[in-house]
Amino acid sequence: MDRRQFVTSSALAVCALQAVSLTKILPKTYSTAMPDWLLAMIVQNDLGIESLRSYQVRDSGNVAFGGLKDGYDILNPHSTAAIIQAGACGLSSPTSKFYRSTALLADMNAAALYLIKTQHEDGTIDLLSTNFHSTPDTGFIVKRLAMSYTLMEKSGTPGVEKVLPNLKTFLIRGGEALSRGGIHTPNHRWVVSAALTKLNELWPNPKYAARIEQWLGEHIDMDKDGQYNEKSTFIYSSLTDRLLITVAKGLKKPELLDYVRKNLNMTMFYVHPNGEVVTDASGRQDKAVIGTLENYYYPYRFLAIKDNSGEYAAMCRLIEKTAGPKTGAFIDYFLTDPSLWVDLTAEKPLPVSYVKTFPNSGLVRIRRNNWDSTLIANNPVWFTFMKGTAVLQGVRFASSFFGKGQFQSEKLTESGKTWTLTQKLDGPYYQPLPKEKIKADGDWEKMPKTDRQQSEVQILETTIQIKETSEGMEIEIMTKGTERVPAALELIFRPGGTLKGVSKIENTKDSWLLKNGTGSYSFGTDTISFGPGLALHKNVALRGALPAMEAPTVFITGFTPFKHVIRFQ
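All values derive from a computational prediction rather than experimental measurement. (Residues numbered from 1 in each chain as written. Predicted model: local features only at pLDDT ≥ 70, side-chain atom pairs only at ≥ 80, totals over all residues. Heavy atoms only, no water.)

Participant: So what's going on with the sheet that holds strand S22 (residues 563-568)? Residues and values would help.
Facilitator: The eight strands lie next to each other as S11-S12-S13-S14-S22-S20-S19-S16, forming an open sheet whose pairing is antiparallel. Looking at which strands have only one partner, the edges of the open sheet turn out to be strand S11 (413-415) and strand S16 (498-500). Averaged over neighbouring strand pairs, the angle between their axes works out to 20 degrees when direction is ignored. (Pairing = 2+ DSSP bridges. Helix = DSSP H or I, 4+ residues; strand = E, 2+ residues; numbered from the N terminus. Axes fitted to C-alpha atoms, helices over the stretch in contact; angles between N-to-C directions.)

Printed below as a string of structure tokens:
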């Protein structure tokens, strides 16, 4: 099945029951017939349950009985919690093959007991890849398992009343940790707050609310662009949206939804024509990754319905089209809130032709229907260009200037219809130390360069100007200062396409020269042309430059003073 195609027809054949018959078999909590998109999620979730069960330790004599291993064969609480999370969705969904399954319930109980066994005395769990006795990672699990508790309690599964106390034990102990434990990152505050909100809905406790208020007292970390501190457009921005919605609903704080709206409004201008999200300015591990918008589906759907928003409805449709199956990761959000099952309002057009500046992120977005470009400050990759499925995923410039010539500009300035990036480097030499500062033992480390007079100082200034043309984008690179410094411009394309008009550089995996004229990169039916070329040398691994990426890369090379204009269309 095409993962980028929303499952609305063939995959639903197995569960395409008439709405009237569904209503007859739905439990009291589901008095409304489930929509097709949710039925598709249930089918997907069933497959996930089957996979998770294959990783569970089933030997009752094993000390790890009930736990789940990850892909590295390591038992861990996150994988173990996943079978409870997915299983609760199956137990409570009438169209699931696991609906009210006592066999699955037994596996979930074993998992809950394993979680209790691995939980520390302070109520925390470990994220074995990095965090130990971790309050925030406990929060991630507790929030979703509290939703699982609700689904299980209302599922009507025989024997569930004997399993829920075990899950409650884990959750209550986790609540103790969340009520006093610390965090690492900005979003962790909202992870903890959202988890405590879900616990407070199940078992109201003043200390839960007090801790939430303490974190909220630090205010939401949003800038004027509508972006959160971490600028993590694929992972943590959407996570924060979901968390703030949870707190806003659970504690009746509708003012928190304004932050979510601002972020969702900003995100509409971070969408590539192929449905991917711009990740180049992220401050976290999703920086420059290829990411689609599935993580935003719940926030957009929640507010599309609440606000009767045509723009948010259109974003939901876009996500269904470009990342539909991946939205199933949030099935528990939708099963626990049937108000989200209603049809969306009529769509309104999304922005597809614009120039939008986000100064706090040091980013400019230019889109013209089926092509777009992103300009980025404070980043060695400062330009991207996409035409449909053809992707120039980065442009970099470097010189061999004293081993520090990788270009990166702190600022991106705009003048009229031109954007400018600049860098100034110096390369000094050093004179002998004054006699009074010479160390008797001759230890070089005790005689710092700051005590030495500089001489023969070399300067290299680079200016890059970018502007839009009638058919695409144009970049002009100019240097002044020290001469005869080797320089190279890198055009880094996404793997999988076809390059034409370029020459392979011998003894390299996927490096090419554009010697003259125009080259092209095609992926499917989309093509990006670029040029003119220049190839005055073949040194594409300049000292001090970042290593080549694992991607087809075209180089334009020369010497300073370097002056070259290249166009993309």
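We are not done yet, so read on.
Participant: Describe unusual backbone geometry, listing the residues and the values that go with them.
Facilitator: Between Gly531 and the following residue, Pro532, the backbone shows a cis peptide bond with an omega angle of 5 degrees. Tracing the backbone through its elements, the reader meets Pro532 in the loop between strand S20 (526-531) and strand S21 (553-559). Cis geometry marks the peptide bond from Thr560 to Pro561, where omega comes out at 0 degrees. Of note in the backbone geometry, Arg484 takes a positive phi value of approximately 65 degrees without being a glycine. Take Arg484: it is sitting in the loop between strand S14 (473-481) and strand S15 (486-493). Under the relative-accessibility criterion, Arg484 is labelled exposed at 60%. (Buried < 20%, exposed > 50% of the residue type's maximum accessible area, 1.4 Å probe, protein only.)

Participant: For a nonpolar patch on the surface, give the residues involved together with the corresponding values.
Facilitator: On the surface, Tyr72, Ile74, Leu128 and Phe132 cluster together into a nonpolar patch covering about 460 Å² of accessible area. Assignment of secondary structure puts Tyr72 in the loop between strand S1 (68-69) and strand S2 (75-76). (Patch = residues over 30% accessible without salt bridge, like charges linked within 9 Å, V, L, I, M, F, W, Y side chains within 5 Å. Areas by Shrake-Rupley, 256 points an atom, 1.4 Å probe, with all protein chains shown as cover. Salt bridge = Lys/Arg side-chain N within 4 Å of Asp/Glu carboxyl O.)

Participant: With reference to specific residues and values, describe the state of the cysteines.
Facilitator: This structure, assessed with the given rule, holds zero disulfides. The closest cysteine sulfur to the non-disulfide-bonded Cys316 is located on Cys89, 19 Å from its own sulfur. Taking the relative accessible area as the measure of exposure, Cys316 reaches 0% and is therefore buried. (Disulfide = S-S within 2.5 Å.)

Participant: Describe the nonpolar core, and please don't skip the residues or the numbers.
Facilitator: Grouped together as the largest cluster of nonpolar side chains are 99 residues, with contacts concentrated most on Ile84 and Met152. Counting residues in hydrophobic clusters, the runner-up holds 36 residues, among them Trp371, Phe383, Ala487 and Leu514. (Core = buried A, V, L, I, M, F, W, Y, C linked by side-chain atoms within 4.5 Å.)

Participant: I'd like a rundown of the packing of aromatic side chains, residues and numbers included.
Facilitator: This structure, assessed with the given rule, holds 21 aromatic pairs. Plain terms: the ring middles of Trp37 and Phe334 are 5.0 Å apart, the flat faces sit at 80 degrees to each other, and that makes the pair edge-to-face. With Trp37 in helix H2 (residues 36-53) and Phe334 in helix H13 (residues 331-335), this residue pair connects regions lying 297 residues apart in the sequence. Summarising the aromatic geometry, the rings of Phe269 and Tyr354 are spaced 4.9 Å apart at their centres and angled 80 degrees between planes, so their arrangement reads as edge-to-face. Pair noted here: Phe269 is in the loop between helix H10 (257-267) and helix H11 (297-307) and Tyr354 is in strand S5 (residues 353-358), with a separation of 85 residues, a long-range link. (Phe/Tyr/Trp six-rings, centres within 6.5 Å; stacked < 30°, edge-to-face > 60°.)

Participant: Help me get a handle on the packing of helix H9 (residues 236-250) against H11, residues and values and all.
Facilitator: It is the contact of H9 with H11, at a shortest axis distance of 8 Å, that shows an interaxial angle of 45 degrees. One finds that H9 runs oblique with respect to H11. In this structure, H9 meets H11 at a crossing whose hand is left-handed. Together, Ser238, Asp241, Arg242, Ile245 and Lys249 of H9 and Tyr298, Pro299 and Phe302 of H11 make up the contact between the two elements. By residue class, the composition of the contact of H9 with H11 is four nonpolar, one polar and three charged. (Parallel < 35°, antiparallel > 145°, perpendicular 65-115°, else oblique. Left-handed = near helix turned anticlockwise from the far one by under 90°. Contact = heavy atoms within 4.5 Å. Nonpolar A, V, L, I, M, F, W, Y, C, P; charged D, E, K, R; others polar.)

Participant: Provide a residue-level description of the pattern of salt bridges, including the pertinent values.
Facilitator: It is possible for side chains of opposite charge to pair when their charged atoms get near one another. On inspection of all chains with the given rule, the structure shows 30 salt bridges. Among the salt bridges present, the one from Arg189 reaches Glu218, with a minimum N-O distance of 2.9 Å. Taken together, the positions of Arg189 in helix H7 (residues 186-202) and Glu218 in the loop between helix H8 (206-216) and H9 put the pair 29 residues apart, joining distant regions of the chain. Of the charged contacts in the structure, one is a salt bridge between Asp337 and Lys249, with a shortest N-O distance of 3.1 Å. In this pair, Asp337 sits in the loop between H13 and S5 while Lys249 sits in helix H9, placing the two residues 88 residues apart along the sequence. Of the residues examined, Asp337 reaches a relative accessible area of 11% and is grouped as buried. Through salt bridges with shared partners, a single network forms among Arg301, Arg317, Glu320 and Glu347.

Participant: How would you summarise the confidence of the model for the protein if you had to cite specific residues and measurements?
Facilitator: Where the model shows low pLDDT, its predicted coordinates should not be examined in detail. Counting all residues, the mean pLDDT for the protein is 94, and 95% of those residues have values of 70 or more. Note on residues 1-27: pLDDT is under 50 here. Beyond four places in sequence and across chains, it has 48 contacts. (pLDDT = per-residue confidence, 0-100.)

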